[in-house]
Protein chains: 2
Amino acid sequence: MPEQIPEDSVGLVQPQTLHFDEPLELRSGRVIPEYQLVIETYGELNADRSNAVLICHALSGHHHAAGYHSMEDRKPGWWDSAIGPGKVIDTNRFFVVALNNLGGCHGSTGPQSINPETGKEYGPDFPIVAVRDWVKSQVRLADRLGIEQWAAVVGGSLGGMQAMRWSIDHPQRLRHCLVIASAPKLTAQNIAFNEVARQAISKDPEFHGGRYKDHDTVPKRGLMLARMLGHITYLSDDSMREKFGRELRRDKFSFDYEADFQVESYLRYQGESFSGSFDANTYLLMTKALDYFDPSIDHDYDLAKTLSAAECKFMVISFTTDWRFSPERSREIVDALIAAGKSVSYAEIEAAHGHDAFLIPIPRYLDVFGRYMETVAADIGLPSKTQSDNSRPEGSN
Amino acid sequence: MPEQIPEDSVGLVQPQTLHFDEPLELRSGRVIPEYQLVIETYGELNADRSNAVLICHALSGHHHAAGYHSMEDRKPGWWDSAIGPGKVIDTNRFFVVALNNLGGCHGSTGPQSINPETGKEYGPDFPIVAVRDWVKSQVRLADRLGIEQWAAVVGGSLGGMQAMRWSIDHPQRLRHCLVIASAPKLTAQNIAFNEVARQAISKDPEFHGGRYKDHDTVPKRGLMLARMLGHITYLSDDSMREKFGRELRRDKFSFDYEADFQVESYLRYQGESFSGSFDANTYLLMTKALDYFDPSIDHDYDLAKTLSAAECKFMVISFTTDWRFSPERSREIVDALIAAGKSVSYAEIEAAHGHDAFLIPIPRYLDVFGRYMETVAADIGLPSKTQSDNSRPEGSN
């Protein structure tokens, strides 16, 4: 069996569920009385608990960031390209923690959980969780795991917003902050796309005000549309051109409303498969967290002032064809960090893949990302990758 | 009452309906046995019938391009900024013809018309009409009006595609072709957005396979989503930032799913008002015409070869922040025209308004467009605008 699992994979992994009994007061003023977080960890926490790396996930992500749950899994975790033995986030040296955020639909407390106050599923009553609330819950997670300070908090897209929020709200609890394909806040256009997705879901007659479970149904059409639209914004115009162009499904036009072009059937397929697996209330909630995120709101809308609280070092990475969170948005973060006198490295990666690039093993991206993780390793006194590679048993490659 | 109508307006106008009894064979092989076209005309056709300008409309456009239908109208026709006495398309000198295309929902034969073969409304059985079919129907319109050769065929967006098609299929019937904010064919991303809109409409339970009229309903939700999405692609990221930014509707976040940001309520309003007035089957059909358009398909996908048939002169205009049909797409047309040895002028207009810019009276745009229309006027021996202005009765300004 192990010959099916690549040697640079973390292998078979198992999620764990951690319960938190202390109520969590949210940005909205509402309180989650108790909750659970589902996590996965890869690698070993070292003796001085200094080698922990937190992975924050994006809109539809979860705790399963690397490895396989069973030998039947067709695909590994969502960031397997970056996490594993000898990989960029090297599990031979780092202890990696990935979680499903509150409000999620992969096992952490969310709309599909039982509300202890009513004994019924939260559904649409699950409170809207802000990025700062997630970070608050992640601080408790760090406490539980005995991690006083993360070697690094790392996130792409919405995950990068969580990493930024860590640096502002809990400056002493991370040494490095990696913000990838992210933005300091959404633009009107970003919000507009989210709003179309939300309307698609909430206007679906099967949504029933979020109580679709009570009606034994799911707003599949709305979720499908939301995902189709999402996909367009994750890919670049270039990558869609390369991937699909104007390629037809048959040798001529249908002159009806069947899918004529490959890109149409691809999107339909993506939308349909997502709509069967993702929770609609979670989707709504995640998009609101995105919309609301703007840490400068408490600092006169001055991002440099906002980030001046940070004590960690930063790495910011963007991708040339990412039009959801363009390089310009990353440069706003970088400029604010420089204005705040912080240490920041920045790389703009030439990549055709659009926003999705942050999940793709693009050589220069992995190179830049990996080099930065080497400085993280050096900073906490871990052996360099070469030393670590050399220490492997012979023939392990 | 006339004091309410601006002096540079064509004033009160009335649509006319023209019937065509000759069957129209379509690109799809299907035949429309008879049809009517609704048109408006502004200005006077001159004695040698040389001063006619055809206006081709975009996705949701129609024949009402300028002036007012009644003194109660709050808004003039959709291109009133460009058409009128003394305006860029100067109705003091040109005879302007605007029509609603076949398949439309503003009076020309379309899904809401009675199918003479069944005595019932066409609905979803109305054939998909290609851009070349529209042009074919417009040729018959020209014949009916006694216009052997248009001084110019002018169109923005999907209208620009019709103008291009005129130049290829009927080279002797136009002297000038103005292609504004258009593209030689859609990209995969363009098609993808259209497909999301189509899915939104056709998956709306009120769509009933296009027979919503039989169920005394309208797929309003789907049309609303399609329009909201359309709007995002018509505006630029910049213009949305300028227009809305992250401005809130109330002084704080709702922490529910009400519209928090101005951009959300703007889109909802736009979507709702459109969904009450536009026909869903027409929307589907128009998006398919866009997707299918690629005149190079009959010429080994070589656009220069395709355009080599043209005998007219060309003016191509694009707008810097138009990301639906970016300047790059216009340059493809210009490059092909140059390669084909055609006369072409090209202007890329600095404008924040995105695709919608072609409808907006941006000074440099009107200047460039107006200068080109002056060369059109000179080419057919019309007096120059200054001469024409001088010929106005004194005090008319």
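Basis of the calculations
Residues numbered from 1 in each chain as written. Chains lettered and ligands numbered in written order. Predicted model: local features only at pLDDT ≥ 70, side-chain atom pairs only at ≥ 80, totals over all residues. Heavy atoms only, no water. Contact = heavy atoms within 4.5 Å. Buried area = accessible area lost by both parts, 1.4 Å probe. Salt bridge = Lys/Arg side-chain N within 4 Å of Asp/Glu carboxyl O. Pairing = 2+ DSSP bridges. Helix = DSSP H or I, 4+ residues; strand = E, 2+ residues; numbered from the N terminus. Axes fitted to C-alpha atoms, helices over the stretch in contact; angles between N-to-C directions. UniProt positions renumbered as here; feature names shortened; annotations may be inferred. Expected span 1.5 Å × (residues − 1). Buried < 20%, exposed > 50% of the residue type's maximum accessible area, 1.4 Å probe, protein only.

As annotated in an unreviewed UniProt entry, chain A carries the name Homoserine O-succinyltransferase and is attributed to Motiliproteus coralliicola.

Enquirer: Please clarify how the interface of chain B and chain A should be interpreted in this entry.
Expert: Often, the extent of an interface is quoted as the loss of accessible area on bringing the components together. Of the residues lining the interface, 52 residues belong to chain B; the matching set on chain A comes to 52 residues. Taken over both partners, the interface formed by chain B and chain A buries close to 4900 Å², and the fraction arising from carbon and sulfur atoms is 69%. Summed over the three residues of chain B that lose the most area to chain A, namely Arg-246, Phe-255 and Tyr-257 of chain B, the buried surface amounts to 17% of that side. The tally of links between chain B and chain A comes to ten salt bridges.

Enquirer: Help me understand the sheet that holds strand 14 (residues 344-349) of chain B, please; the structure alone is not making it clear to me.
Expert: Pairing between the strands of a sheet comes from backbone hydrogen bonds, and it takes one of two forms, parallel or antiparallel. Residue and element names in this part refer to chain B. Taken together, eight strands build an open sheet; the order of strands is 1-4-8-5-11-12-13-14 and the sheet is mixed. Edge positions in the sheet fall to strand 1 (16-20) and strand 14, since each has one partner strand and no second. Along the sheet, successive strands turn relative to each other by an average axial angle of 20 degrees, direction set aside. Where strand 11 (residues 152-156) meets strand 12 (residues 176-180), four bridges bridge the pair, whose relative direction is parallel. From the neighbouring strand, Val-153 faces strand 12, where its bridge partner is Cys-177. The sheet contacts of helix 2 (residues 158-169) involve strand 5 (52-56), strand 11, strand 12 and strand 13 (313-319), and relative to strand 11 the element is tilted by about 150 degrees.

Enquirer: Quick question: what am I supposed to make of the UniProt feature "domain: AB hydrolase-1" (unreviewed entry) in chain A here?
Expert: Here the UniProt feature "domain: AB hydrolase-1" (unreviewed entry) sits at residues 51-357 of chain A. Helix makes up 36% of residues 51-357 of chain A and strand 13%, whereas the separation of the span's terminal C-alpha atoms amounts to 26 Å.

Enquirer: Even after reading the chapter, I still don't get the side chain of Asn-194 of chain B, so can you show me in this structure?
Expert: The residue Asn-194 of chain B is located in helix 3 (residues 188-202) in this model. Sequence-distant contacts of Asn-194 of chain B, that is, excluding residues within four places in its chain, are made with Leu-186, Thr-287, Leu-290, Asp-291 and Arg-324 of chain B.

Enquirer: Got a minute to help me understand helix 10 (residues 363-379) of chain B in this structure?
Expert: For the α-helix, the turn length of 3.6 residues means that residues three or four positions removed from each other point alike. Residue and element names in this part refer to chain B. Taking 1.5 Å as the rise per residue, helix 10 with 17 residues should run 24 Å; its terminal C-alpha atoms sit 24 Å apart, in good agreement. All buried positions along helix 10 are accounted for by Tyr-365, Val-368, Phe-369, Gly-370, Tyr-372, Met-373, Val-376 and Ala-377. Against strand 5, strand 7 (89-90), strand 11, strand 12, strand 13 and strand 14 lie the buried residues of helix 10. At the C-terminal side of helix 10, Gly-381 shows a positive phi close to 75 degrees.

Enquirer: Hey, could you run me through the UniProt feature "site: Important for acyl-CoA specificity" (unreviewed entry) in chain A in this one?
Expert: Residue and element names in this part refer to chain A. UniProt feature "site: Important for acyl-CoA specificity" (unreviewed entry): in the numbering of this structure it lies at Arg-324. When you line up the elements, Arg-324 lands in the loop between strand 13 (313-319) and helix 9 (327-339). We classify Arg-324 as buried; its relative accessible area is 12%. With near-sequence residues (within four places) excluded, Arg-324 lies in contact with Leu-59, Asn-190, Asn-194, Thr-233, Tyr-234, Leu-290 and His-355.

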